Amino acid sequence: MIAAIGAFDGFHMGHRTLLDRARALASERDTAWGIITFQRHPDNLLGGSDFRSLFLLDEQALLREYCGVPAVHRIIFTQAVANMLPQEFLDYIALQYGVSGVVVGEDFRFGKGRSGTLAVLREECERRKWSLDIMPLLLHEGEPVSSSRIRDAVIAGDMCGAWEMLGYPFFCRSRVVRGDRRGHSLGFPTANLEVHGDKISPATGVYATLVFCEGIWRIGAANLGCNPTFEGEREVRFEVNLLDYEGDLYDRTLTVFMLRRVRNEKRFADAEGLRRQMVSDVEVVRKTAREALASHEEMWKRFARLGSCSASASVL
């Protein structure tokens with residue numbers, strides 16, 4: 001097997017160079033290819049409990065389909081794995097996965113204390129008669145594309161920057177749960193989505209989104225925040241109003257693609273002030289989403305065809 005190896009917190013544009021190379025090598029040699037990664041991101045163990053993933057496992061499964069990855073092999077990252085010497089780690093993947101070639105990025109390090117440098121990897125691959133391809137880092141605005149830069153963009157609410165580095169919009173996949181139905185009283189009924197504590201959270205505010213629901217892409221105005229206009233609201237909530245949709249979404253799982261942050265969270269003097277602002281927000285959201293649909297039509301069709309979405313894809 002040709003193995004692309006890395007942490008792969010989702011698949012950003014830099015990762016895609018590794019995937020493309022592994023796919024091409026496997027085709028040339030008429031062999032299998034796939035990814036070797038970790039069930040638990042190494043930074044989650046080594047960096048402390050504050051680490052949050054870009055994408056959860058079910059979201060990564062969606063991206064695996066989107067990127068056409070035939071196999072993902074996950075090693076549960078424990079302290080024992082972290083303590084493996086570079087040679088021990090390579091012995092392990094050789095035994096478990098039948099590796100014949102390795103594809104990594106030029107910043108790749110592995111083994112205890114990151115002691116497995118590229119020089120060590122090259123020497124070990126030669127000894128084992130494995131091919132080795134080291135891919136140059138992909139740059140965005142003069143800096144290497146990385147999951148940490150994408151996390152920073154998401155935290156800042158910079159969905160456009162995150163999209164450019166990911167190659168697709170940042171998204172959240174969550175189950176709809178019961179809310180307080182306050183949106184209904186304002187004329188903007190919302191689906192209240194579960195917030196996952198182990199996933200990175202965007203900056204609070206209002207976002208233009210697209211949600212694939214009942215066979216079509218629907219435009220959504222999402223709010224992430226504490227509803228500061230109303231007394232007693234402190235816990236962060238993630239709510240989305242699907243424009244022009246009537247129906248009960250309770251207990252469904254929605255995949256919400258976050259296109260652009262429309263504005264910051266703001267406290268209004270009263271509910272009527274909030275309602276007037278929401279009318280204005282919806283117009284910006286609608287325009288943003290329609291432009292995104294028109295300019296990336298093939299991407300939306302591909303996402304709609306995936307197993308986790310309905311096969312009867314169309315675009316509003």
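Novice: What am I meant to see in the overall build of the protein chain here?
Specialist: When you go through the protein chain residue by residue, the secondary structure sums to eleven helices and 14 strands. Put simply, the protein chain has 316 residues, and 50% of those count as buried. In the protein chain, of all internal contacts separated by at least 6 residues, the share reaching a separation of at least 24 is 73%. Accessible surface for the protein chain amounts to roughly 15,000 Å². Of this, 49% is attributable to carbon and sulfur atoms.

Novice: Help me understand the packing of aromatic side chains in this model?
Specialist: Each aromatic ring pair is characterised by the separation of its centres together with the angle its planes make. Tallied over the entire structure, the rule returns 18 aromatic pairs. Between the aromatic rings of Phe38 and Phe77, the centroid separation amounts to 5.1 Å while the plane-to-plane angle is 80°, which identifies the pairing as edge-to-face. Remark: Phe77 occurs in the loop between strand S3 (72-75) and helix H4 (79-82) and Phe38 occurs in strand S2 (residues 33-38); sequence separation between them is 39 residues. Note on Tyr66 and Phe303: the rings are 4.0 Å apart at their centroids and 5° apart in plane angle, and the pair reads as stacked. Highlighted residues: Tyr66 in helix H3 (residues 57-67) and Phe303 in helix H11 (residues 297-304), separated in sequence by 237 residues. A single burial state applies to Tyr66 and to Phe303, both of which are buried. In textbook terms, an aromatic cluster arises when at least three aromatic residues are bridged by ring pairs, as seen for Phe55, Tyr66, Trp163, Tyr168, Phe170, Phe171, Phe212, Trp217, Phe257, Trp300 and Phe303. One residue, Arg178, lies across the ring of Tyr250, its end atom 3.7 Å from the ring centre. Sitting over the face of the ring of Tyr66, Arg302 holds its NZ or CZ atom 4.1 Å from the ring centroid.

Novice: Where do I start with unusual backbone geometry in this structure?
Specialist: For residues besides glycine, phi is generally negative; the peptide bonds are generally trans as well. Positive phi, close to 55°, is recorded for Asp30, a residue that is not glycine. In this fold, Asp30 is placed in the loop between helix H1 (13-29) and S2. Residue Asp244 is not a glycine yet carries a positive backbone phi of 60°. Mapping Asp244 onto the fold places it in the loop between strand S12 (237-242) and strand S13 (253-263).

Criteria and cut-off values
Residues numbered from 1 in each chain as written. Predicted model: local features only at pLDDT ≥ 70, side-chain atom pairs only at ≥ 80, totals over all residues. Heavy atoms only, no water. Helix = DSSP H or I, 4+ residues; strand = E, 2+ residues; numbered from the N terminus. Buried < 20%, exposed > 50% of the residue type's maximum accessible area, 1.4 Å probe, protein only. Contact = heavy atoms within 4.5 Å. Areas by Shrake-Rupley, 256 points an atom, 1.4 Å probe, with all protein chains shown as cover. Phe/Tyr/Trp six-rings, centres within 6.5 Å; stacked < 30°, edge-to-face > 60°. Lys NZ or Arg CZ within 6 Å of the ring centre and 35° of its normal.

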